[in-house]
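Survey of secondary and tertiary structure
Here's the letter readout for the chains.
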Amino acid sequence: MSHDHVPDALTVLRTRSAVRDFAPVPVDDRTVDLLVEAMLAAPSASNRQAWRFVVVRTHDSVRAVRALAPGVLGVPALVMVACVDGGRIGVGSAPAAQRVTDVARLCVAMAVENLLLAAHALGLGGCPVSSFHTGGLRVLLDLPPEVTPQLVVPLGRPARPLRKSVRRDPDEVIRYGL
Ligand SMILES: Cc1cc2nc3c(=O)[nH]c(=O)nc-3n(C[C@H](O)[C@H](O)[C@H](O)COP(=O)(O)O)c2cc1C
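The text that follows walks through the structure, step by step, so that each part is easy to find. Residue numbers run consecutively from 1 along every chain, following the written order of its sequence. This being a predicted model, a pLDDT of at least 70 is required before a residue's local features are given, and a value of 80 or more before pairs of side-chain atoms are given or counted; all residues contribute to the totals for chains, interfaces and linings. The basis for the side-chain values is all heavy atoms of the structure; hydrogens and waters are excluded.

Let us look at the site of the ligand. Neighbouring residues are identified by heavy atoms, a residue being near a molecule or strand if any of them is within 4 Å of it. Looking at the ligand, the residues that line it are Arg16, Ser17, Ala18, Arg20, Gly71, Cys127, Pro128, Val129, Ser130, Ser131, Ser165 and Arg167. Residue exposure ignores everything except the shown protein chains as possible cover, and the areas themselves are Shrake-Rupley values with a 1.4 Å probe. Taken by itself the ligand offers 620 Å² of open surface, and the protein chains cover 60% of this. The residue inventory of the shell around the ligand, partitioned by class, reads 4 nonpolar, 5 polar and 3 charged. Classes in brief: Ala, Val, Leu, Ile, Met, Phe, Trp, Tyr, Cys and Pro nonpolar; Asp, Glu, Lys and Arg charged; the others, Gly included, polar.

Right under this line is the structure:
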């Protein structure tokens, strides 16, 4: 895959949308490396990087993940399973522990958005998917108990041109000043 013509960041942001149908073409190693690099460049609270990711690439493993993730609609070239790594989070009182877990989930989401934007910039597409069976994935991917999947991200070459989804009126969701 050629990476010669990567659009500027604002164009990437403006033109993105979720991709759920994929062309049956593989994604090469170099491109996967670029995606991973962009994903891991995301910010994280206290730079704790309390995350773990599993890259699923073989046809059979992608099929196995799809079987556990009803939210994955098409057949992607690869799937990224994005997890919170509880082993990187200090334990404290119950409310404090919940708070740090919530924050770690935000960090995973930021990494996933980096991944999706990088994919779009490179002519690929994907979709964050929260509809999956956590326990089943845990067993399939042999995840340790402290590692909990948060999002499953199918990725691949879009099968058709992207369709923009509607957004709420900015006046409804943004307030300037106090
Ligand atoms: C946290 C989160 C979970 C999502 N889970 C799913 C899902 O399970 N299945 C799915 O098809 N799309 C899922 N989506 C994608 C949204 O449906 C999509 O982003 C939304 O409709 C807006 O469309 P756009 O991304 O094309 O702008 C999810 C998005 C987010 C942010």
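Here the narrative resumes.
Residue position: Gln150 is located in strand E4 (residues 147-156). Among the residues examined, Gln150 registers a relative accessible area of 14% and is labelled buried. Separated by 2.6 Å, the side chains of Gln150 and Arg105 make a polar contact. Once residues lying within four places of it in the same chain are set aside, the contact partners of Gln150 are Ala82, Cys83, Val84, Arg105, Val108, Val129 and Phe132. Going along the chain from the N terminus, every DSSP run of H or I of four or more residues is numbered as a helix, and every run of E of two or more is numbered as a strand. Residue burial is assigned from relative accessible area. The probe radius is 1.4 Å, only protein chains are included, and a residue is buried under 20% of its type maximum, exposed over 50%, and partly exposed in between. Between N or O atoms, a polar contact is any pair within 3.5 Å; within protein, one atom must be a potential hydrogen donor and the other a potential acceptor, and residues adjacent in sequence are included only when both atoms are from side chains. Note on definitions: a residue-residue contact is assigned when non-hydrogen atoms from the two residues lie within 4.5 Å.

What follows covers the sheet that holds E4. Strand pairing is defined by DSSP finding a minimum of two bridges between the two strands. A sheet is described by the order of its strands in space; here 4 strands give the open sequence E1-E2-E4-E3, paired in antiparallel fashion. Two strands bound the open sheet, and with one partner strand each, they are strand E1 (51-56) and strand E3 (125-126). Pairing of E1 with strand E2 (residues 78-85) involves 6 bridges; the strand directions are antiparallel. Bridge pairing in E2 links Val56 to Val79. Packing against the sheet, helix H4 (residues 94-121) makes contact with E1, E2, E3 and E4, and its axis sits at approximately 10 degrees to E4. Axis definition: a line fitted to C-alpha atoms, limited for helices to the stretch in contact. Angles are taken between N-to-C directions and run from 0 to 180 degrees.

Turning our attention to the pairing of E2. Burial runs high along E2: 8 of the 8 residues are buried. Side chains Leu78, Met80, Ala82 and Val84 of E2 all project onto a buried face; the interleaved residues Val79, Val81, Cys83 and Asp85 project onto the opposite face, where all are buried too.

Attention now goes to H4. Its 28 residues give H4 an end-to-end C-alpha distance of 41 Å, which sits within 8% of 40 Å, the value for a rise of 1.5 Å per residue. Every buried residue of H4 is listed here: Ala104, Cys107, Val108, Ala111, Val112, Leu115, Leu116, Leu117, Ala118, Ala119, His120 and Ala121. The elements touched by buried residues of H4 are helix H1 (9-15), helix H2 (29-40), E1, E2, E3 and E4. The first or second residue beyond H4 is Gly123, which carries a positive phi of 85 degrees. To estimate the expected span of a helix, subtract one from its residue number and multiply by 1.5 Å.

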